[in-house]
Amino acid sequence: MALLAGPDQGPIRIMSVFGTRPEAVKMAPVVSALRQAGPDISSLVVVTAQHREMLDQVLRHFAIRSDYDLDIMRPRQTLTQITVRALRGLEAVLERQRPHLVLVHGDTSTTFAASLAAFFHRVPVGHVEAGLRTGERYAPFPEEMNRRLTAVLAQLNFAPTPRAAANLAREGVDPAVVFVTGNTAIDALYQTYSPAYRFVTPGLEGLGAGGRRLVLAEAHRRENWGRRMEDICRALRRLVDAFPEVDLLFSVHRNPQVDSVVRRELGGHPRVSLLAPLPYPEWANLVGRAHFVVSDSGGVQEEAPSLGVPVLLLRDVTERPEAIEAGTVRIVGTDASRVFEACAGLLRDPDQHRAMATAVNPYGDGRAAERIVAAIRYAFGLGPRPPDFAPPPPGAARPTKTEGFRGRGQN
Ligand code: UD1
């Protein structure tokens, strides 16, 4: 008995909805796998464009053309405004297209709004990257709640890791509708990272080479706006002043709440580059060359461990504990002296750095999108249930960056 009802005739219509840069990166492998799935599946892409420039960049890189673009981004819009605009825009598209399944990703306002819009139209929802939890209602804000609300609305759950699947089971989600697939972030990374990559952006080639140390930074989360963002920037300024071998590259989010503080606190330093968010291939390859990354982002906690690059996490809790346990990611919060000391430790003490620079792949093996499409086929009664992704045992960690990376297409 199939989990979901398909069409009487013709292909299953699957509508992928996303709106921000990280969703686009992680849904790109799924969209591409759906496109290649054969004549019984037809794929439609709807972007809310909750982000504009940052989204378009990713769509270009992965050669994705949207079928509908709701263009909802407005400067400094509130969470309510994003949600309302997305709901309204999606209503017309859902009425017109009547898909058999809506796919959403992760934890953004677009994710939640699209799941709710689909529910209003009695269209089943498939949730990619389901089951991550911090257990803290306001951290990350509003992402933790977006994830939980989406889990209630979803009928198929693609959990990246066994732990994420266990979180869903604890909340009462039937294991029959949970598939452990690995994270599509690793698929995207494997398609994009190469030790032989040549940078396009002027000034990036050669960073971190010849005895210099590249420290890569980014911070944008709502709970870090204001005082916490200032503290982060002050710690980083102190760091570049204290370590002449360090080049700091800060990828500055386009949100004015972030941009204005970072430019005020870090602008004008000869060894600090403040760049607008780089195209995804430039970013992914820079992560691979960094001495370490200082970040509050979600995705980098998955990317950097695959490349054996330490991450100091500018948050108090994480929904991605797997790499913390493996030792590649460490939570440092945002207190200026704690951030400075954690960074300084990795620069002063090679043993400390080596202990963290361990390549681990608890998040995926580059085949998550393939498993998601197989699970969708199964749900519609078109194929067998795919086997779950099983992460390598902890002892499989590798000590160096380049050895640690074994991407498909990296032969
Ligand atoms: C959103 C997601 C967050 C994700 C992040 C990745 C929500 C609530 N938050 O946060 O989970 O980690 O994306 O970046 O969904 N802006 C531009 N151009 C762009 C993108 C953003 O100018 O291409 C500016 C706009 O002023 C926009 C503001 O940034 O209003 C904030 O964007 P928004 O989508 O509200 O939140 P993010 O902080 O980007």
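Coordinates for the structure precede this section.
These numbers come from a predicted model, not from an experiment. (Residues numbered from 1 in each chain as written. Predicted model: local features only at pLDDT ≥ 70, side-chain atom pairs only at ≥ 80, totals over all residues. Heavy atoms only, no water.)

**Student:** Please give an account of the side chain of Glu 322 that cites residues and values.
**Tutor:** Checked against the element boundaries, Glu 322 lands in helix H12 (residues 322-326). The class for Glu 322 is buried, based on a relative accessible area of 13%. Setting aside residues no more than four positions away along its own chain, Glu 322 makes contact with Thr 161, Arg 163, Pro 362 and Tyr 363. (Helix = DSSP H or I, 4+ residues; strand = E, 2+ residues; numbered from the N terminus. Buried < 20%, exposed > 50% of the residue type's maximum accessible area, 1.4 Å probe, protein only. Contact = heavy atoms within 4.5 Å.)

**Student:** So what about unusual backbone geometry? Which residues, and what values?
**Tutor:** Here the residue pair Ala 139 and Pro 140 is connected by a cis peptide bond, since its omega of -10° sits within 30 degrees of zero. Mapped onto the secondary structure, Pro 140 falls in the loop between strand S5 (125-128) and helix H5 (143-153). With an omega dihedral of 0°, the bond running from Phe 141 to Pro 142 counts as a cis peptide bond. Here Pro 142 is to be found in the loop between S5 and H5. The backbone of Asp 71 shows a phi angle near 50°, a positive value even though the residue is not glycine. Here Asp 71 lies in the loop between strand S3 (68-69) and helix H3 (79-97). Residue class for Asp 71 comes out partly exposed when judged on its relative accessible area of 39%.

**Student:** Give a detailed account of the site of the ligand, specifying residues and quantitative values.
**Tutor:** Around the ligand sit 26 residues in total, of which Gln 50, His 51, Glu 53, Glu 143 and His 253 are the nearest. For the ligand, an oxygen atom lies 2.9 Å from a polar atom in the backbone of Ser 109. His 253 has a polar side-chain atom sitting 2.8 Å from an oxygen atom of the ligand. In the complex, the protein chains occlude 94% of the 750 Å² of accessible area that the ligand would expose alone. The residue inventory of the shell around the ligand, partitioned by class, reads 8 nonpolar, 9 polar and 9 charged. (Near = heavy atom within 4 Å. Polar contact = N/O pair within 3.5 Å; in protein donor to acceptor, adjacent residues only side chain to side chain. Areas by Shrake-Rupley, 256 points an atom, 1.4 Å probe, with all protein chains shown as cover. Nonpolar A, V, L, I, M, F, W, Y, C, P; charged D, E, K, R; others polar.)

**Student:** Account for the state of the cysteines, with residues named and values stated.
**Tutor:** What the rule picks out here adds up to 0 disulfides. In this model Cys 343 remains outside any disulfide bridge; the closest cysteine sulfur is found in Cys 233, 12 Å from its own. (Disulfide = S-S within 2.5 Å.)

**Student:** Tell me about the packing of helix H1 (residues 21-35) against helix H15 (residues 368-379), and please be specific about residues and values.
**Tutor:** Where H1 contacts H15, the axes come no closer than 8 Å and their chain directions differ by 55°. Between H1 and H15, the angle is such that the two are oblique. Handedness of the crossing formed by H1 with H15: right-handed. On the side of H1, the interface is formed by Pro 29, Val 30, Ala 33 and Leu 34, while H15 contributes Ala 369, Ile 372, Val 373 and Ile 376. When the residues that make up the contact of H1 with H15 are grouped by side-chain class, the tally is 8 nonpolar, no polar and no charged. (Axes fitted to C-alpha atoms, helices over the stretch in contact; angles between N-to-C directions. Parallel < 35°, antiparallel > 145°, perpendicular 65-115°, else oblique. Left-handed = near helix turned anticlockwise from the far one by under 90°.)

**Student:** Explain the nonpolar core residue by residue, including any values.
**Tutor:** Membership of the largest hydrophobic core comes to 64 residues, with the highest contact counts inside it found for Phe 18, Leu 103, Phe 158, Leu 286 and Ile 376. If one sorts the elements of this core by residue count, H1 sits on top with 8 residues. Excluding anything up to four places from it in sequence, Leu 103 contacts Ile 14, Met 15, Ser 16, Val 17, Met 27, Val 30, Leu 34, Gly 126, Phe 158 and Ile 376. Core analysis: the next-biggest nonpolar cluster, separate from the first, contains 34 residues, Ile 232, Val 262, Val 272 and Leu 312 among them. (Core = buried A, V, L, I, M, F, W, Y, C linked by side-chain atoms within 4.5 Å.)

**Student:** Pulling in residues and values, what's your account of the environment of Ala 151?
**Tutor:** Here Ala 151 shows up in helix H5. The residues contacting Ala 151, other than those within four sequence positions of it, are His 127, Arg 133, Asn 157 and Leu 168.

**Student:** Summarise the side chain of Thr 161; cite the residues concerned and give the values.
**Tutor:** In this fold, Thr 161 is placed in the loop between strand S6 (156-159) and helix H6 (162-170). Note on Thr 161: relative accessible area 3%, which makes it buried. Leave out the neighbours within four places in its chain, and Thr 161 touches Val 180, Glu 322, Pro 362 and Tyr 363.

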